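The residues making up each chain are set out below.
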Amino acid sequence: MSKDIDFSRALTVGEVARRSGVPVSTVHFYESKGLIASTRNSGNQRRFESVVLRYIAIIKVAQRTGIPLEEIREALRGLPPGSKPTAAQWRAMSQRWQASLDERIERLTRLRDELTRCIGCGCLSMDECPLRNPMDVLGEQGSGPRILEREPGTETPA
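Presented here is an overview of the structure given in this document. Computed from a predicted model, the values in this text were never measured in an experiment.

Criteria and cut-off values
- Residues numbered from 1 in each chain as written.
- Predicted model: local features only at pLDDT ≥ 70, side-chain atom pairs only at ≥ 80, totals over all residues.
- Heavy atoms only, no water.
- Helix = DSSP H or I, 4+ residues; strand = E, 2+ residues; numbered from the N terminus.
- Buried < 20%, exposed > 50% of the residue type's maximum accessible area, 1.4 Å probe, protein only.
- Contact = heavy atoms within 4.5 Å.
- Areas by Shrake-Rupley, 256 points an atom, 1.4 Å probe, with all protein chains shown as cover.
- Salt bridge = Lys/Arg side-chain N within 4 Å of Asp/Glu carboxyl O.
- Arc of directions from axis to C-beta.
- Core = buried A, V, L, I, M, F, W, Y, C linked by side-chain atoms within 4.5 Å.
- Phe/Tyr/Trp six-rings, centres within 6.5 Å; stacked < 30°, edge-to-face > 60°.
- Polar contact = N/O pair within 3.5 Å; in protein donor to acceptor, adjacent residues only side chain to side chain.
- Axes fitted to C-alpha atoms, helices over the stretch in contact; angles between N-to-C directions.
- Parallel < 35°, antiparallel > 145°, perpendicular 65-115°, else oblique.
- Left-handed = near helix turned anticlockwise from the far one by under 90°.
- Nonpolar A, V, L, I, M, F, W, Y, C, P; charged D, E, K, R; others polar.

**Digging into the overall build of the chain**
So, point 1. Helices and strands together make up the secondary structure of the chain, namely six helices and two strands.
So, point 2. When its helices and strands are written in sequence order, the chain yields α-α-β-β-α-α-α-α.
So, point 3. By the burial criterion, 29% of the 158 residues in the chain qualify as buried.
So, point 4. The contacts in the chain between residues at least 6 apart in sequence include a share of 60% that link residues at least 24 apart.
So, point 5. On the chain, roughly 10100 Å² of surface is accessible, and the fraction owed to carbon and sulfur atoms is 53%.

**A short note on the pattern of salt bridges**
So, point 1. Scanning the model with the defined rule gives four salt bridges in all.
So, point 2. For Glu31, the salt bridge goes to Arg46, with nearest N and O atoms at 2.7 Å. Of this pair, Glu31 sits in helix α2 (residues 24-32) while Arg46 is found in strand β2 (residues 46-47), placing the two residues 15 residues apart along the sequence.
So, point 3. Under the relative-accessibility criterion, Glu31 is labelled buried at 18%.

**Section: unusual backbone geometry**
So, point 1. Notably, Asn44 is not glycine yet its phi reads approximately 65 degrees, a positive angle.
So, point 2. Along the chain, Asn44 falls in the loop between β1 (39-40) and β2.

**Describing helix α4 (residues 69-77)**
So, point 1. Listed in full, the buried residues belonging to α4 are Ile72, Arg73, Ala75 and Leu76. Projected down its long axis, α4 shows its buried positions confined to an angular sector of 165 degrees, all on one face.

**Thoughts on the nonpolar core**
So, point 1. Judged by nonpolar contacts, the single largest core of 25 residues is most densely connected at Val16, Val27, Ile36, Phe48, Ile72, Leu76 and Trp97.
So, point 2. Of all the secondary structure elements, the ones that give two or more residues to this core are α1 (13-20), α2, α3 (52-64), α4 and α5 (87-120).
So, point 3. The element that contributes the greatest number of residues to this core is α3, accounting for seven residues.
So, point 4. Each residue touching Ile72, except ones within four places of it in the same chain, is listed here: Leu35, Ile59, Ala62, Gln63, Ile67 and Trp97.

**Details of the packing of aromatic side chains**
Between two aromatic rings, the relevant description is the distance of the centres plus the angle of the planes.
So, point 1. One pass over the structure, following the stated rule, counts two aromatic pairs.
So, point 2. Ring centres 6.3 Å apart and planes at 50 degrees place the aromatic pair Phe29 and Tyr30 in the tilted group.
So, point 3. What makes Phe29 partly exposed here is its relative accessible area of 36%.
So, point 4. The buried category is assigned to Tyr30, whose relative accessible area is 3%.
So, point 5. Centre to centre, the rings of Trp90 and Trp97 are 6.2 Å apart; their planes meet at 75 degrees, and the pair counts as edge-to-face.
So, point 6. Its relative accessible area of 33% is what places Trp90 among the partly exposed residues.
So, point 7. Given a relative accessible area of 5%, Trp97 falls into the buried group.

**Thoughts on the side chain of Ser38**
So, point 1. Along the polypeptide, Ser38 turns up in the loop between α2 and β1.
So, point 2. A polar atom in the side chain of Ser38 sits 2.4 Å from the side chain of Glu31.

**Topic: the packing of α1 against α3**
So, point 1. Between α1 and α3, the shortest axis-to-axis distance is 10 Å and the interhelical angle comes to 50 degrees. As far as their axial angle goes, α3 and α1 are oblique. When the axes of α1 and α3 are compared, the crossing they make is right-handed. In contact with Val16, Arg19 and Ser20 of α1, α3 contributes Val52, Leu53, Ile56 and Lys60.
So, point 2. In the contact of α1 with α3, the residues fall into four nonpolar, one polar and two charged.

Shown next as structure tokens:
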């Protein structure tokens, strides 16, 4: 946000919440996380430049796709303070997130496909499954759902 804000055109936190479609508490949360910024007027009340509405729209879209707030913050830091993101800047942000989204899609697809098999076999064994985890070989690799959390391109036993 720029330091020389025109307070006659600045938005209150309530206006930002209403126009962006998020609760006031979310506006405060985004600000506390460094995703958006405000300035204070002479009465020490928060005021936001209207560009914050665009930033919140970007944050909401990114969050819906599962992008962590830290990645969103880093992308927003790349924008000049107080400026509206251009089409080129938006394209650059979305390209940064594409690999992460592709990986997330692959994991979700694998979860969808393999969750049905694990539950569908009927054994419901946490320790040993003769079809998917014979002799509990995956237990030797560590705790947690090893099949669903495996790295892309690695194979499961049997």
